[in-house]
Every structure is written in C-alpha cells, then in structure tokens.
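Fold and geometry: a report
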Amino acid sequence: MIPVFIGTTLLVYYMVFALPGDPIAALFGDRQPPQAVIDTLRSQYNLDQPFWVQYGLFLKNLFTFNLGNDFTGQPIAATLARVFPVTAMLAIEALIIQAVFGVAFGVFAGLRRGGWFDSTVLVASLVVIAVPTFVLGFVFQLVFGVQLGWAKPTVGANANWGNLLLPAVVLGLVSFAYVLRLTRASVSEGMNADFVRTATAKGLSRPRVVLAHILRNSLIPVVTYLGANLGGLMGGAIVTEGIFNVPGVGNKLYQAVLRSEGPTIVSIVSVLVLVFVVANLLVDLLYAWLDPRIRYDQ
C-alpha cells in the first residue's frame, strides 16, 4: 500500500508540475498584477521551489493532515470534507446497484447458459458497454428526469441518497455489465467443477449447491473487480457529476484542473488513491472467507 500510494502521488504531482503556464498569473486573467504580488503568491504556495522540494513539502503537510489552501484561499481540507461525502454516497450507491443486480443477473444467466435470458443479457450488456457514459447520462436525464419525472434531472446542493439514485445508476451501469458478464462466466465454469458434481451426488438440494458451492467460489473474481472498481467509481464520477450537477469530488477536481491548482489536484487524488488501496486490502481479506484454501497465516 505504501509504495503504491507514494508512487501514485509522485506521478500525479510530477504531471501537475509539468503543466504549461503559470497558475498564479492565470488567477488574474487579463489583468497584469504587480510582480511583488506574483512573487508573494508563488512563495506562499511553494511554486518558487524545485520539484523535489515542492513534493517533499506536500508529503510533509499530507502526513501532518495540513493540506493548506487552494488558490482562492479556501482550506483544501474543508473543501474535501464538504465534497467527499457526496461522491462517497454516489460511489457506494453505484457499487450496490452493480453488485446486487450484476451478480443476480449473472447467476441466472450462468445457470441457464444458452437460453433466451442468457442471450438477452449478453446482448444488452454489450450495448451498455459500447455506449459512452456521457451519452447514457444525457439519455437517462432526459427520459427519466425530464419526460417521465421519476427523478430529479439535476441534483444541485440537495445531495441525498434519493436524489443521487439516477446518477448512481448511470455511473454504475457500465460496471454492472462487466460484473454481470464476469459472474455469468464464473458460474458457468463452476457448474462443471468436480466439487459441484460431488455435492449433487450427495443429494444436496439445487439452491444449496448454487449458493454454498457454485456462487461462493465464483465470487472471487467478482469481488476482485468490485474492490478495484470502488476507487474507479469515485475517480470516474467527473462526467456523471458534471451532467447531473452533483457537488462532489469530480466537480471540484475538474475545476482544479482548469485552474492548474496543483495542491488541490494532488490532495484529491491522494484521497482517491487511499480509498483504492484500502478497498483492495479489504478484498484480499475477503478471499480467505470466500475460499477456505486461502490462508494468510501460512
């Protein structure tokens, strides 16, 4: 976890550092501020220091929970505390949708491989994967938000679980298709395993064989994907949050990129990387429960 965290933040910090232009000069637009003001701001944000000094100061502030201020003077920590829970709700809701429905549809398709249900969900999942997320977002916003009125077309400042349902569906739809196809393939393969034939020969009921033997062993690749996808959902919410006007991390990250706010960008990415590595740690721990052959004390 530590090498991944440091390596990722270093890479992102370097890419932000290498961006062309002067972010301090960009704050004033077409106006030309006094050189003394520019020098003071550059010194305040350590922009007059070499790259390695800037990165070292960033790590020091990060490990002491002092993220500093953005270029507008607002504390970055306060901004993250305001926008991070919104994106967390959006990502968790999308993760639940894709996990519950993706696994359920995948199990039914895998158990009835070659049937009409299997063929239908395979074709539908390919369509969902092929259509870009921003197209799905605008279509869902128009149909379910404007024409049918089933959900609010835009979230705005009132971001709660109910208002985030429509953008969560859009955000998790592509991953739902992957979870469905992955579960279907794992279940289809597991049905021909020796331990399944043994359990059936012992007289176990069909539901018990499916739930206790086929599904449990088939969930390992699915859980791996879901764990890696949690960080991707939070980081990939920029398009969805922009379409539905969700005041979350994606919107703030997009604004920070436009203003070349290096401290804000790297701070947000650092939080997303931390979420990613913690989620993968939890996935590794779940392996031992899903597969009794896996033990971490050996």
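Look up: the structure comes first, before these words.
We now turn to the structure provided with this report. This structure is a prediction, so every number in the text was calculated from the model and none was measured.

Of all hydrophobic cores here, the largest spans 65 residues; its most connected members are Phe58, Phe244 and Ile265. Here this core gets 14 residues from one element, more than from any other, and that element is helix H5 (residues 76-111). What Ile265 contacts, discounting residues up to four positions off in sequence, is Val12, Val16, Leu253, Ala256 and Val257.

Counted according to the given criterion, the structure contains 1 salt bridge. One salt bridge connects Arg184 with Asp118, and the closest N-O pair in it is separated by 2.7 Å. A residue pair is termed long-range when its members are at least 10 positions apart, and Arg184 in helix H8 (residues 165-190) and Asp118 in helix H6 (residues 116-130) qualify at 66 residues. The exposure classification of Arg184 matches that of Asp118, with both residues buried.

For the rest of this paragraph, the subject is unusual backbone geometry. Here the phi dihedral of Asn245 falls at roughly 55°; this positive angle occurs in a residue that is not glycine. Note that Asn245 resides in the loop between helix H11 (238-243) and helix H12 (249-258). Judged by relative accessible area, which is 42%, Asn245 ranks as partly exposed.

Cut-offs used in this document
- Residues numbered from 1 in each chain as written.
- Predicted model: local features only at pLDDT ≥ 70, side-chain atom pairs only at ≥ 80, totals over all residues.
- Heavy atoms only, no water.
- Core = buried A, V, L, I, M, F, W, Y, C linked by side-chain atoms within 4.5 Å.
- Buried < 20%, exposed > 50% of the residue type's maximum accessible area, 1.4 Å probe, protein only.
- Helix = DSSP H or I, 4+ residues; strand = E, 2+ residues; numbered from the N terminus.
- Contact = heavy atoms within 4.5 Å.
- Salt bridge = Lys/Arg side-chain N within 4 Å of Asp/Glu carboxyl O.

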